Amino acid sequence: MEFQVAGLMFDNDGVLVDSHQAAIDAWNQWCSVYAPHIDWDKQGTAGVRASDMVRMWAPDADFDSAYAFINDLELGTAGSTVALPGSLALLSSLPAGSWTICTSAGRELGLARVRAAGLPVPAEFVCGDDVEFGKPAPDPYLLGASRLGLAPSSCVVFEDAVAGVTAARAA
């Protein structure tokens, strides 16, 4: 089967990099403080922005404190992120401006994970901080296509999370 596409958009965590254990460690520590009833790894929230999870799981907590805590925890574990097999070779083979990363992570965390994995950072990089509504809303992929100067229908999205697939299909 052959497809003609103009652009490629990649989710980061679980698609290009492995940050799963780092996220489990950070979120389980956060949950022990703010949401002890939550087992993060069993919630099916992969691909959802941290800010949205903080609002969902700790609605009565001081948002700024709770959000800063998870950001600090995740940044502290970002260095253990590794590239998934083949991702460096794939990204290195693509022409600049033909692909981007659309991650739900905040800018600092998203960049830290990409860099820790030794992957190139595209100029068109999209993070959860760049959009009003994160995945499963289509906003990240609509912005990614826009930054590539392309119609969303001319792009292919690589995703591993239900929220991201929903966002990609809506875009």
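The structure under discussion appears in the preceding block.
Just so we're clear, the structure is a prediction, and the values are computed from it rather than from any experiment.

Trainee: For the side chain of S104, give the residues involved together with the corresponding values.
Mentor: Relative to the elements of secondary structure, S104 occurs in the loop between β4 (99-101) and α5 (107-116). A polar atom in the side chain of S104 sits 2.5 Å from the backbone oxygen of G47. Excluding residues within four positions of it along the chain, S104 makes contact with G47, V48, R49, G128 and K135.

Trainee: Describe the pairing of strand β1 (residues 7-10), listing the residues and the values that go with them.
Mentor: Judged by which residues are buried, β1 turns out to be covered on both faces: G7 and M9 on one side and L8 and F10 on the other are all buried. Direction of pairing for β1 relative to strand β5 (residues 155-158): parallel, over a ladder of four bridges. Paired with G7 across the two strands is C155, which belongs to β5.

Trainee: Summarise the packing of aromatic side chains; cite the residues concerned and give the values.
Mentor: Counted by the stated rule, this structure contains seven aromatic pairs. Through successive ring pairs, a cluster of aromatic residues spans W27, W30, Y34, W57 and F69. The ring centre of F63 lies 4.2 Å from the NZ or CZ of R55, which sits over that ring.

Trainee: Can you tell me about the packing of helix α1 (residues 20-34) against helix α3 (residues 63-77), naming the residues and giving the values?
Mentor: Close contact between α1 and α3 brings their axes to 9 Å; oriented N to C, the two are set at 150°. When the interaxial angle is binned, α1 and α3 end up roughly antiparallel. Along this stretch, α1 crosses α3, giving a crossing that reads as right-handed. Note on element contacts: α3 touches α1 through S65, A66, F69, I70, L73, E74 and T77, opposite A22, A23, A26, W27, Q29, W30, V33 and Y34. Residues that form the contact of α1 with α3 fall into these classes: eleven nonpolar, three polar and one charged.

Trainee: Just give me the short version of a nonpolar patch on the surface, but keep the residues and values in it.
Mentor: A cluster of nonpolar side chains, M1, F3 and V5, forms an exposed patch at the surface whose accessible area comes to about 420 Å². Its location among the elements puts M1 in the segment before β1.

Trainee: Break down the environment of E124 for me, citing the residues and quoting the values.
Mentor: With respect to the element layout, E124 can be found in the loop between α5 and α6 (139-148). Counting along the chain gives 94 residues from E124 to W30, while the straight-line C-alpha distance between them is 31 Å.

Trainee: Could you give me a rundown of helix α2 (residues 50-57), with the residues and numbers involved?
Mentor: Of all the residues in α2, the buried ones are A50, S51, M53, V54 and W57. End-on, the buried residues of α2 take up no more than an arc of 165°, which puts them together on one face. Against α1 and α3 lie the buried residues of α2.

Criteria and thresholds
- Residues numbered from 1 in each chain as written.
- Predicted model: local features only at pLDDT ≥ 70, side-chain atom pairs only at ≥ 80, totals over all residues.
- Heavy atoms only, no water.
- Helix = DSSP H or I, 4+ residues; strand = E, 2+ residues; numbered from the N terminus.
- Polar contact = N/O pair within 3.5 Å; in protein donor to acceptor, adjacent residues only side chain to side chain.
- Contact = heavy atoms within 4.5 Å.
- Buried < 20%, exposed > 50% of the residue type's maximum accessible area, 1.4 Å probe, protein only.
- Pairing = 2+ DSSP bridges.
- Phe/Tyr/Trp six-rings, centres within 6.5 Å; stacked < 30°, edge-to-face > 60°.
- Lys NZ or Arg CZ within 6 Å of the ring centre and 35° of its normal.
- Axes fitted to C-alpha atoms, helices over the stretch in contact; angles between N-to-C directions.
- Parallel < 35°, antiparallel > 145°, perpendicular 65-115°, else oblique.
- Left-handed = near helix turned anticlockwise from the far one by under 90°.
- Nonpolar A, V, L, I, M, F, W, Y, C, P; charged D, E, K, R; others polar.
- Patch = residues over 30% accessible without salt bridge, like charges linked within 9 Å, V, L, I, M, F, W, Y side chains within 5 Å.
- Areas by Shrake-Rupley, 256 points an atom, 1.4 Å probe, with all protein chains shown as cover.
- Salt bridge = Lys/Arg side-chain N within 4 Å of Asp/Glu carboxyl O.
- Arc of directions from axis to C-beta.

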